[in-house]
Amino acid sequence: MRKKERYEKVIAWFKANVPVAETELHYNNPYELLIAVILSAQCTDKRVNMVTPPLVRDFPTPEALAATTPEVIFEYIRSVSYPNNKAKHLVGMARMLVEKFDSEVPDNLEDLTKLPGVGRKTANVIRSVVFKKAAMAVDTHVFRVSHRIGLVPKRCTTPLSVEKELTQNIPEELIPIAHHWLILHGRYICQARAPKCDICGLQLMCKHFSDTYKVTKEDSKAANK
C-alpha cells in the first residue's frame, strides 16, 4: 500500500471510529495542563491525575508555585517518576512564567521550551491541546504506533524526524486530534510488548500486521476499496 493510501485509510478509520480523542490528563487551564504534562514524563496519566488535585489546590497560580520550594513540592509528587527533578522543574517553570511571561503560559515553541522541564514534546502538547495549533507531540506511543502502522519509514529514528513526517502527511486541521488518535491507540491497542492485533481495526492498513500475519493480496484489495 502506498503512503498516501495508507494515510488516507488510517485517517478515515480514526475519523469514523474515534471521532472524539483528547488528553486524559485532568486540567482546568493552561497552567494546570503544563504542570500535568511535566509530571507525565515517563509516568502514567492515571498517576498524574491522582497527584495534581492537591497540588493545584494549594498552588493554584504560577505566583503561588513560584513562592515555594522544590522540597515542599516533592512531598506532593513523591509518587510520580523522578520526583526530585520534577519538583525543581515545576518551581523553576513557575518562576520563569512569573518573571518573563507575566504569569501566562506562552503559545509558541521557542518560549515554551525555555521553561524548565519543557522539551519539544511537552511544548507541542501545550500548543496542540490548549492553543489548537498543528503541533504533533511525539511520545513513545506516537513513535511506536506510527512506525508499526507504516506511517513513517524506518529511517525516521528520532522523535523530530517522526514529527516532521507525520505533519507533512496529515492534513493540518487534523494534526491536533491525530496526536491523540495515535497516543490512545498505542496506550490501549498497539501496546509495546503485546499489541492487540486481533481486535485492531487497522489490521488491513497496518504494515506490522501485514508483515506479521502475511496478509493476502485479496485482503489488501479489500482494504483498498
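Residues numbered from 1 in each chain as written. Predicted model: local features only at pLDDT ≥ 70, side-chain atom pairs only at ≥ 80, totals over all residues. Heavy atoms only, no water.

Engineer: Before we move on, can you summarise the packing of helix α5 (residues 70–77) against helix α6 (residues 83–100) with the specific residues and values?
Structural biologist: One way to put it is that α5 packs onto α6 with a least axis distance of 8 Å and a crossing angle of 125°. It follows that α5 is oblique to α6 by the angle criterion. Judged by the sense of rotation from one axis to the other, the crossing of α5 with α6 is right-handed. Contacts between α5 and α6 pair P70, I73, F74 and I77 from the former with P83, N84, K86, A87, K88, L90 and V91 from the latter. Within the contact of α5 with α6, the residues separate by chemical class into eight nonpolar, one polar and two charged. (Axes fitted to C-alpha atoms, helices over the stretch in contact; angles between N-to-C directions. Helix = DSSP H or I, 4+ residues; strand = E, 2+ residues; numbered from the N terminus. Parallel < 35°, antiparallel > 145°, perpendicular 65-115°, else oblique. Left-handed = near helix turned anticlockwise from the far one by under 90°. Contact = heavy atoms within 4.5 Å. Nonpolar A, V, L, I, M, F, W, Y, C, P; charged D, E, K, R; others polar.)

Engineer: With reference to specific residues and values, describe the UniProt feature "domain: HhH-GPD" (unreviewed entry) in the protein chain.
Structural biologist: Mapped onto this numbering, the UniProt entry annotates "domain: HhH-GPD" (unreviewed entry) at residues 39–188. Secondary structure content for residues 39–188 is 64% helix and 0% strand, and the end C-alpha separation is 21 Å. (UniProt positions renumbered as here; feature names shortened; annotations may be inferred.)

Engineer: Lay out unusual backbone geometry in plain terms, naming residues and giving numbers.
Structural biologist: The backbone of Y82 shows a phi angle near 50°, a positive value even though the residue is not glycine. The residue S103 is not glycine, and still its phi comes out positive at about 65°. Relative to the elements of secondary structure, S103 occurs in the loop between α6 and α7 (109–112).

Engineer: Could you give an account of the environment of I126, with specific residues and numbers?
Structural biologist: By the element assignment, I126 lies in helix α8 (residues 120–129). You can call I126 buried: its relative accessible area is 0%. Ignoring anything within four residues of it in the chain, the contact list for I126 reads L33, L34, V37, V105, P106, L112 and F131. (Buried < 20%, exposed > 50% of the residue type's maximum accessible area, 1.4 Å probe, protein only.)

Engineer: Can you explain the packing of helix α9 (residues 140–149) against helix α10 (residues 159–169)? Please cite residues and give values.
Structural biologist: Packing of α9 against α10 brings their axes to within 10 Å, and their N-to-C directions diverge by 60°. The orientation of α9 relative to α10 falls into the category oblique. The way α9 lies across α10 gives a crossing that is left-handed. Within the contact between the two elements, α9 uses V142, F143, S146 and H147 and α10 uses P159, V162 and L166.

Engineer: Give me the UniProt feature "binding site: [4Fe-4S] cluster" (unreviewed entry) in the protein chain: which residues, what numbers.
Structural biologist: Per the UniProt entry, the sites bearing "binding site: [4Fe-4S] cluster" (unreviewed entry) are C190, C197, C200 and C206 in this numbering. These residues run over 17 residues, yet every pair of their C-alpha atoms falls within 10.8 Å of each other. As for its position among the elements, C190 is in the loop between α11 (175–188) and α12 (207–213). We classify C190 as buried; its relative accessible area is 10%. Once you skip the residues sitting within four places of it in the chain, C190 turns out to touch R144, V145, R148, H185 and P195.

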